[in-house]
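Read off the chains here:
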Amino acid sequence: MRSRGLVVAVALVLAALAAGAVILYTNGVKEEAVSGGELTTVIVATQEIPANTPLNPLIAGGGFKELSVPLDAVVDGAVTNLDELKGRTTTSPLLANEQISVANLDTGEAPAGGSLGISKGHLALTFTLNAPQGGFGYIQRGDNVSVFATYNGTSIIPGSIEDLLSGTAQDAKRQELPDFTATIIPTVRVLAVVNPGLDEEGNRRGDTVTL
């Protein structure tokens, strides 16, 4: 009986030593990860932020926080300091706890005149384009762009506008034109833009750009 109690006592001691070793090892791994540079701090939003949102009010209201992430999981251009967000505006939506890349921010100032900066004597139009035609995330608010259009299946019918409206145009003399591209607007100011966001690997997600 005495020997059995001794065995139990030894087993308990060994179990306690093993548990202590595991705790020490785990703490050592965590400390090594931090001190060895395997973790880094990035800035994330505490809430979902729509595109074209000025960030200064959110900074003042505590809308961002620090988050430790593995170094190899940091996206390209990740924001690591709140100062990088000051005076910036989002060009695409940001999700809560999502890493923020400077590629999703804009420093261009909106033209004066209304919430979209539509100046007197001008109109605002919205275009939703496939990502390649829309600059694939590189067009920013305040940029100037040109607008082109490609036509196909176009023809010329001799006659005046009145002839066309009255149906008396000479359809028999219709001339088919080859496909062509024309400049619609030589230069126009971008008032707002919604670009594709970035995934966790820093790649663009989404296939459209709205200007």
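Placed above this text is the structure.
Within each chain, residues carry numbers counting from 1 in the order of the written sequence. Where local features are concerned, this predicted model is filtered to residues with pLDDT of at least 70; where side-chain atom pairs are given and counted, the filter is 80 or more; whole-chain, interface and lining totals use all residues. As a rule here, side-chain values cover all heavy atoms of the structure and leave hydrogens and water aside.

Peer 1: Explanation requested: the overall build of the protein chain in the structure shown.
Peer 2: Strands are runs of DSSP state E lasting at least two residues, helices are runs of H or I lasting at least four, and both sets are numbered from the N terminus onward. The secondary structure content of the protein chain amounts to three helices and 10 strands. Taken from N to C terminus, the helices and strands of the protein chain fall in the order α-β-α-β-β-β-β-β-β-α-β-β-β. For the protein chain, the residues scored as buried account for 25% of the 211 residues in total. Intrachain contacts of the protein chain at a sequence separation of at least 6 include 67% that bridge at least 24 residues. Just so you have it, the protein chain exposes about 13,900 Å², and 58% of that area is on carbon and sulfur atoms. Partly exposed residues are those whose accessible area sits between 20% and 50% of the maximum for their type, while under 20% is buried and over 50% is exposed, using a 1.4 Å probe and protein chains only. Contact between two residues is taken to exist if any of their heavy atoms lie within 4.5 Å; hydrogens are not considered. The Shrake-Rupley method, run with a 1.4 Å probe sphere, supplies the accessible areas, and residue values consider only the shown protein chains as cover.

Peer 1: Sorry, what's going on with the pattern of salt bridges here?
Peer 2: Note on pairing: side chains with opposite charge can pair once their charged atoms come close. We define a salt bridge as a side-chain nitrogen of Lys or Arg found within 4 Å of a carboxyl oxygen belonging to Asp or Glu. Using the criterion set out here, one finds two salt bridges in the structure. With a shortest N-O distance of 3.1 Å, K86 and D83 are connected by a salt bridge. Of the charged contacts in the structure, one is a salt bridge between R141 and D106, with a shortest N-O distance of 3.7 Å. Linking R141 in the loop between β5 (128–130) and β6 (144–151) with D106 in strand β4 (residues 105–106), this pair joins segments that are 35 residues apart in sequence. With respect to burial, R141 and D106 carry one shared label: buried.

Peer 1: How should the environment of I49 be read in this particular structure?
Peer 2: Position of I49 relative to the elements: it lies in the loop between β1 (39–45) and α2 (56–60). Here the alpha-carbon distance between I49 and A96, two residues 47 residues apart in the chain, equals 7.7 Å. Residue contacts for I49: discarding those within four places in its chain leaves L55, L58, F64, T90, S92, P93 and L94.

Peer 1: Please clarify how a nonpolar patch on the surface should be interpreted in this entry.
Peer 2: On the surface, Y151, I156, L177, F180 and I184 cluster together into a nonpolar patch covering about 390 Å² of accessible area. By the secondary structure assignment, I156 is in strand β7 (residues 155–156). Owing to a relative accessible area of 41%, I156 belongs among the partly exposed residues under this scheme. Exposure above 30% relative accessible area and the absence of a salt bridge qualify a residue for a patch, where like charges join within 9 Å and nonpolar side chains (Val, Leu, Ile, Met, Phe, Trp, Tyr) within 5 Å.

Peer 1: What am I meant to see in the nonpolar core here?
Peer 2: Taken as a class, soluble globular proteins show a tendency for nonpolar side chains to be buried jointly. Formed by I43, A45, I49, L55, L58, I59, F64, V79, L85, L94, I100 and L105, the largest nonpolar core amounts to 12 residues. If we skip the residues at most four places from it in the chain, L105 touches L55, V79, E84, L85, R88, T89, T90, T91, I100 and Q140. Joining through side-chain atoms within 4.5 Å is the link that ties buried Ala, Val, Leu, Ile, Met, Phe, Trp, Tyr and Cys residues into a set, and such a set is a nonpolar core. By size, the runner-up hydrophobic cluster in this structure holds six residues, among which are V190, V193, V209 and L211.

Peer 1: Looking at this structure, I do not really get the side chain of N195. What am I missing?
Peer 2: Tracing the sequence through the fold places N195 in the loop between β9 (180–189) and β10 (208–210). For N195, a relative accessible area of 4% puts it in the buried group. Distance and chemistry together define a polar contact, namely a pair of N or O atoms within 3.5 Å, with one atom able to donate a hydrogen and the other to accept it when in protein, and with adjacent residues in sequence counting only for side-chain atoms on both sides. Of note is the side chain of N195, whose polar atom sits 2.9 Å from the backbone oxygen of I139. What N195 contacts, discounting residues up to four positions off in sequence, is T91, S92, G137, I139, Q140 and V209.

Peer 1: What should I look at first to understand the environment of E66 in this one?
Peer 2: With respect to the helices and strands, the residue E66 is situated in strand β2 (residues 64–70). Once you skip the residues sitting within four places of it in the chain, E66 turns out to touch T41, V42 and I43.

Peer 1: Would you explain the side chain of T53 in this entry?
Peer 2: One can find T53 in the loop between β1 and α2. Its relative accessible area of 17% is what places T53 among the buried residues. When residues no more than four places from it in sequence are discounted, the contact partners of T53 are L58, R88, T89 and T90.

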